[in-house]
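# Examining the three-dimensional arrangement
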Amino acid sequence: MRRYTVLIKPNSRKGPSVESQDDGSLVVYVREPAVDGKANEALVRILAEHFNVSKTRVAIARGHTSRYKIVEID
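So, a few notes on the structure that sits alongside this text. (Residues numbered from 1 in each chain as written. Predicted model: local features only at pLDDT ≥ 70, side-chain atom pairs only at ≥ 80, totals over all residues. Heavy atoms only, no water.)

Further remarks concern the layout of surface pockets. A volume near 170 Å³ is recorded for the largest pocket. As for the largest pocket, its lining consists of 15 residues, of which Ala34, Asn40, His64, Thr65 and Lys69 are closest to the centre. If you tally residues by element for the lining of the largest pocket, the top one is helix 1 (residues 38–51), at three residues. Class assignment of the residues belonging to the lining of the largest pocket gives a composition of six nonpolar, five polar and four charged. (1 Å grid on protein atoms, 1.4 Å probe; cavity = no way out; pocket = protein on both sides within 12 Å on 5 of 7 lines; lining within 4 Å. Points joined across faces, edges and corners; volume = space filled by probe spheres on them. Helix = DSSP H or I, 4+ residues; strand = E, 2+ residues; numbered from the N terminus. Nonpolar A, V, L, I, M, F, W, Y, C, P; charged D, E, K, R; others polar.)

If you want it as structure tokens, here you go:
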């Protein structure tokens with residue numbers, strides 16, 4: 001299982017995309033707003049596509065209501 005520190009950028013015109021940082025963290029741009037968990041759902045979907053795994057293997061471990069999250073990928 002891998003853990004990543006993720007900064008999510010909701011309502012982004014740039015997204016959906018994933019950028020790797022020098023420190024090993026990720027910045028994820030999503031078009032969805034941070035309302036009713038829509039941005040979190042988009043984050044899981046985008047990371048699953050990026051790492052070529054199913055959505056069930058991607059879990060937000062910490063930071064459900066924060067822009068900074070800890071994400072586990074199985």
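What follows concerns the nonpolar core. Core analysis: the biggest nonpolar cluster contains 18 residues, and Val6, Val28, Val30, Leu43, Leu47, Val58 and Val71 have the highest contact counts within it. Tallying contributions element by element places helix 1 first for this core, with seven residues. Apart from residues no more than four positions distant in its own chain, Val58 is found in contact with Val44, Leu47, Ala48, Val53, Val71, Glu72 and Ile73. (Core = buried A, V, L, I, M, F, W, Y, C linked by side-chain atoms within 4.5 Å. Buried < 20%, exposed > 50% of the residue type's maximum accessible area, 1.4 Å probe, protein only. Contact = heavy atoms within 4.5 Å.)

Turning next to the pairing of strand 1 (residues 2–9). Each regular strand shows side chains that alternate between the opposite faces of the sheet. The pairing of strand 1 with strand 5 (residues 68–73) spans six bridges and is classified as antiparallel. Within the sheet, the bridge partner assigned to Val6 lies in strand 5 and is Lys69. Inspection of the sheet shows strand 1 paired to strand 3 (residues 26–29) by four bridges, in the parallel sense. Following the sheet pairing, Leu7 is matched in strand 3 by Val27. (Pairing = 2+ DSSP bridges.)

Here strand 3 shows a buried face lined by Leu26 and Val28 and a second buried face lined by Val27 and Tyr29. Note: strand 2 (residues 17–20) against strand 3, four bridges, orientation antiparallel. Following the sheet pairing, Val18 is matched in strand 3 by Val28. Counted between consecutive antiparallel strands, the loop separating strand 2 from strand 3 contains five residues, among which Gly24 sits at a positive phi close to 95 degrees.

Turning our eyes to something else, we now look at the pattern of salt bridges. Under the definition given, this model contains four salt bridges. As a salt-bridge pair, Glu32 and Arg45 come within 3.5 Å of each other at their nearest N and O atoms. Of this pair, Glu32 sits in the loop between strand 3 and helix 1 while Arg45 sits in helix 1; the two residues are 13 residues apart in sequence, bridging distant segments of the chain. For Arg45, a relative accessible area of 32% translates into the label partly exposed. The shortest N-O distance in the salt bridge between Asp74 and Arg57 comes to 4.0 Å. Of this pair, Asp74 sits in the segment after strand 5 while Arg57 sits in the loop between helix 1 and strand 4 (58–62), placing them 17 residues apart in sequence. (Salt bridge = Lys/Arg side-chain N within 4 Å of Asp/Glu carboxyl O.)

Keep in mind that these numbers describe shape and distance, not what the molecule does.
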